[in-house]
Amino acid sequence: MKTEQWIANFNTVNTRDAAKKSLIAWNKYLVDQKINETTLIKKIILDGADLRYDELANFVNEYSNVSPVQPASIRQYYHFIRSYFRAVHGIKTYTEDAKIFIKPPSIVKVSRVP
């Protein structure tokens, strides 16, 4: 499946836009880290399981520390990138392993006073 097909599979316009924003964030992360996506995907496929979680964790940590993006948006980006890995590149990520390696930022709840 190609990236365009993956984006087109989402039902609503807002979901497709969120998927596109996630890919833009992922590509920005790769450029900032001076990583070629094709090379990274080949390494993930050949080298084993931990590299995929390490890169996703680095992506989440980079956005948590540097970016003014809200924690909920970072979690959304992370889940779209996981879906992108699975649908486009055939790289599976397991929830149990992801919980060990990846710690997304916690969402701060603000109490509103009427």
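So, about helix H2 (residues 13-32). Its 20 residues place the ends of H2 28 Å apart at the C-alpha level, agreeing with the 28 Å of an ideal helix rising 1.5 Å per residue. Among the residues of H2, those classed as buried are Ala18, Ala19, Ser22, Leu23, Ala25, Trp26, Tyr29 and Leu30. All buried residues of H2 fall inside an arc of 160 degrees around its axis, so they share one side. The exposed residues of H2 that point more than 90 degrees off its buried face are Val13, Asn14, Lys21, Ile24 and Val31. The inward-facing, buried residues of H2 abut helix H1 (3-8), helix H3 (37-47), helix H4 (49-65) and helix H5 (71-89).

With that settled, the discussion passes to the packing of aromatic side chains. Taken as a whole and assessed by the stated rule, the structure comprises 10 aromatic pairs. Where Trp6 meets Phe80, the ring centres are 6.5 Å apart and the plane angle is 85 degrees; that geometry is what we call edge-to-face. Highlighted residues: Trp6 in helix H1 and Phe80 in helix H5, separated in sequence by 74 residues. Exposure class is identical for Trp6 and Phe80. Each is buried. Taken together through their ring pairs, the aromatic side chains of Trp6, Phe10, Trp26, Tyr29, Phe59, Phe80, Tyr84 and Phe85 make up a single cluster.

This paragraph deals with the packing of H4 against H5. It is the contact of H4 with H5, at a shortest axis distance of 10 Å, that shows an interaxial angle of 155 degrees. By the angle class used here, H4 and H5 are roughly antiparallel. Every pair of crossing elements has a handedness; the one defined by H4 and H5 is right-handed. Side by side, H4 and H5 meet where Leu56, Phe59, Val60, Tyr63 and Ser64 of the first sit next to Ile74, Tyr77, Tyr78, Ile81, Arg82 and Phe85 of the second. A breakdown of the residues in the contact of H4 with H5 according to their chemical character gives 9 nonpolar, 1 polar and 1 charged.

Counting residues in each nonpolar core, the largest one holds 30 residues, and the members touching the most others are Trp6, Trp26, Phe59, Ile81, Tyr84, Phe85 and Ile102. Those elements that place two or more of their residues in this core are H1, H2, H3, H4 and H5. What Phe59 contacts, discounting residues up to four positions off in sequence, is Ala25, Trp26, Tyr29, Tyr77, Tyr78 and Ile81.

This part takes up the pattern of salt bridges. Following the criterion strictly, the structure yields 1 salt bridge and no others. In this structure, the salt-bridge partner of Asp32 is Lys28, at a minimum N-O distance of 3.2 Å. Here Asp32 pairs with Lys28, and both are found in helix H2, just 4 residues apart, close to one helical turn. Of the residues examined, Lys28 reaches a relative accessible area of 48% and is grouped as partly exposed.

How each quantity is defined
Along each chain, numbering runs from 1 in the same order as the chain's sequence is written. Side-chain atom pairs in this predicted model are given and counted only at pLDDT of 80 or more, local residue features only at pLDDT of at least 70, and totals for whole chains, interfaces and linings cover all residues. Only heavy atoms go into the side-chain values, all of them from the structure, while hydrogens and water stay out. Numbering of helices and strands runs from the N terminus, with a helix taken as a DSSP run of H or I at least four residues long and a strand as a DSSP run of E at least two residues long. Here, expected helix span is obtained from the residue count minus one, scaled by 1.5 Å. When accessible area is computed with a 1.4 Å probe and restricted to protein chains, residues below 20% of their type maximum are described as buried, those above 50% as exposed, and intermediate ones as partly exposed. An arc is given here, and it is the one of the directions from the helix axis to the C-beta atoms. Contacts between residues were defined by any pair of non-hydrogen atoms, one from each residue, lying within 4.5 Å. Two rings belonging to Phe, Tyr or Trp (six-membered ring only in the last case) form a pair when the distance between their centres is within 6.5 Å. Interplanar angles under 30 degrees mark stacking, angles over 60 mark edge-to-face geometry, and anything in between is tilted. To get an axis, fit a line to the C-alpha atoms, keeping to the stretch in contact for a helix; angles then go from 0 to 180 degrees between the N-to-C directions. Orientation is classified from the angle alone, with under 35 degrees giving roughly parallel, over 145 giving roughly antiparallel, 65 to 115 giving roughly perpendicular, and any other angle giving oblique. By convention the crossing between two helices is left-handed if the near helix lies anticlockwise of the far one by an angle smaller than a right angle, and right-handed if it lies clockwise. Any residue outside Ala, Val, Leu, Ile, Met, Phe, Trp, Tyr, Cys, Pro, Asp, Glu, Lys and Arg is labelled polar, Gly included; the first ten of those are nonpolar and the last four are charged. Think of a nonpolar core as a cluster: buried Ala, Val, Leu, Ile, Met, Phe, Trp, Tyr and Cys residues, connected wherever their side-chain atoms sit within 4.5 Å. For this analysis, a salt bridge means a side-chain nitrogen from Lys or Arg found within 4 Å of a carboxyl oxygen belonging to Asp or Glu.

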